Amino acid sequence: MLVLQKQNVFLKGLFKSVCLMFFVLFLAGVPTRAQADDDKLPIGTVYFERLLGGQYIIKAHINGQGPFRFMIDTGATRTSIFETTRKALGLEIYGSRQRNISGMTSMELRPVIHIDSLSFATVKFEDHDIIVLEDWPKQEVPSETIDGILGMDVLDDLILSFKHKNQKLKIKQHGKINPRSMKRWAKFNLTANPYPGKDFGLMFTNTRFGDLLIPTMFDTGADFTAVSWNIVEGGKLGKEKRRLRDEWVVQGAVGEFKPKMRIVLDKFIVDGFLFRRQTLLIMDFDKLPINGYGQYPMVIAGVDLLDGHDFILDMKEWDLYVNAPLRKQRVRGGMRARSEIDAMTVIVP
């Protein structure tokens, strides 16, 4: 998940042989023009792959070259490519145009470059600016190699329909979803940034913790669901955090105390829908400008919450439809998520 801002200003298996072929071409810096399987599909439909964490990958072209593997990331404000991909395309970095990239754990300035075109399915953007990111360590694993990230600057105003049985994604630029055809699907209402300050163009719903409704960002680029420490510090977990800090100090640790904890809740309520035995990661979000650099409570809902069910992301109307038994678990009467923690694992800071 990436959030960008201008400097000092808020802005918003495929078979092993196929994987090996793409990996060799990737290392050699030669974009492939091989006939893509997507060409055999109906117009507007493409195949998707999934990383080990569950994130969704589709093929895209840059300046007519490719295909390249891009991750669909609703938690990214801007589209980006990795440094190795930039070199493979022969794109040069001119001048000193940079953007401040903010993730959940770090911030850094990265170059901005101009491309003539970016296309996937029937969608095409021309004369577009993208960010160049440092290569991820996981790029060393062929099956996990991706070339770039599709952010909300190109995803906004599209309708994405994911079908997992045949791993097909239908992308629509026009038309609407017929609500009557979605009766049996769970519908999550998405809204714009609820926090004070800049709107980063990302999508939010809410999660109930006791009497509080906490803004929850829907992030297909995250392979986990996380909550900020300032949601839970007043209870049992707050005491555990203090214990961790005391232990950390006694051990003579230096630097910044950044504890993380993995827990399992027997009840977890998102936009009124009940999820059972949901795994959560508790951490600080103090590198994110969205919630005032950790000032306000926040939840990030990752792809693990969808649990592999078919879903439709309507970014025209800002609705998320999930074809899952969730529709039978709509919470009535203001049920609260005050429940005992079933499991808890401490992650070394």
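Residues numbered from 1 in each chain as written. Predicted model: local features only at pLDDT ≥ 70, side-chain atom pairs only at ≥ 80, totals over all residues. Heavy atoms only, no water.

1. Things to note about the overall build of the protein
Piece 1. Along the backbone of the protein there are five helices and 25 strands.
Piece 2. When each of the 349 residues of the protein is scored for burial, the buried share is 51%.
Piece 3. Split by element, the accessible area of the protein, about 17000 Å² in all, is 50% carbon and sulfur. (Helix = DSSP H or I, 4+ residues; strand = E, 2+ residues; numbered from the N terminus. Buried < 20%, exposed > 50% of the residue type's maximum accessible area, 1.4 Å probe, protein only. Areas by Shrake-Rupley, 256 points an atom, 1.4 Å probe, with all protein chains shown as cover.)

2. Topic: the sheet that holds strand S14 (residues 186–189)
Piece 1. Taking strand neighbours across the sheet as the criterion, the six strands line up as S3-S13-S12-S23-S24-S14 in an open arrangement whose pairing is antiparallel. On the outer flanks of this sheet lie strand S3 (45–47) and S14, each paired with one strand and no other. For this sheet the average axis-to-axis angle between neighbouring strands, irrespective of direction, equals 15°.
Piece 2. Sheet topology note: the S14/strand S24 (residues 319–322) ladder contains four bridges and is antiparallel. Paired with Asn189 across the two strands is Asp319, which belongs to S24. (Pairing = 2+ DSSP bridges. Axes fitted to C-alpha atoms, helices over the stretch in contact; angles between N-to-C directions.)

3. Let's talk about the packing of aromatic side chains
Piece 1. Summed over all chains, the structure comprises eleven aromatic pairs.
Piece 2. Ring geometry for Phe82 and Trp136: centres 5.0 Å apart, planes at 70°, overall edge-to-face. With Phe82 in strand S7 (residues 80–82) and Trp136 in the loop between strand S10 (123–133) and strand S11 (148–150), this residue pair connects regions lying 54 residues apart in the sequence.
Piece 3. Among the residues examined, Trp136 registers a relative accessible area of 27% and is labelled partly exposed.
Piece 4. Counting every residue linked through ring pairs, the aromatic cluster contains Phe48, Tyr56, Phe162 and Phe311. (Phe/Tyr/Trp six-rings, centres within 6.5 Å; stacked < 30°, edge-to-face > 60°.)

4. Focus on the pattern of salt bridges
Piece 1. Within this structure, the stated rule accounts for eleven salt bridges.
Piece 2. Note that Arg243 is salt-bridged to Glu240, the shortest N-O span being 2.6 Å. Highlighted residues: Arg243 and Glu240, both in helix H5 (residues 236–250), separated by three residues, approximately one helical turn.
Piece 3. Exposure remark for Arg243: the relative accessible area of 38% places this residue in the partly exposed category. (Salt bridge = Lys/Arg side-chain N within 4 Å of Asp/Glu carboxyl O.)

5. Let's talk about unusual backbone geometry
Piece 1. With omega at 10°, the peptide bond leading from Gly66 into Pro67 counts as cis.
Piece 2. For Pro67, the location among the structural elements is in strand S6 (residues 65–72).
Piece 3. Notably, Ala121 is not glycine yet its phi reads approximately 50°, a positive angle.
Piece 4. Structurally, Ala121 is set in the loop between strand S9 (107–120) and S10.

6. Details of the pairing of strand S16 (residues 212–218)
Piece 1. Summarising burial for S16: five of the seven residues are buried, a large majority.
Piece 2. With six bridges joining them, strand S15 (residues 204–209) and S16 adopt antiparallel strand pairing. Paired with Phe204 across the strands is Met217, a residue of S16.
Piece 3. Remark: two residues form the turn of the hairpin made by S15 and S16, two consecutive strands paired antiparallel; Gly210 in that turn has positive phi of roughly 60°.
Piece 4. In the sheet, S16 pairs with strand S22 (residues 299–301) via three bridges, with the strands oriented parallel. Residue Met217 lies in a different strand from S22, and its bridge partner there is Ile300.

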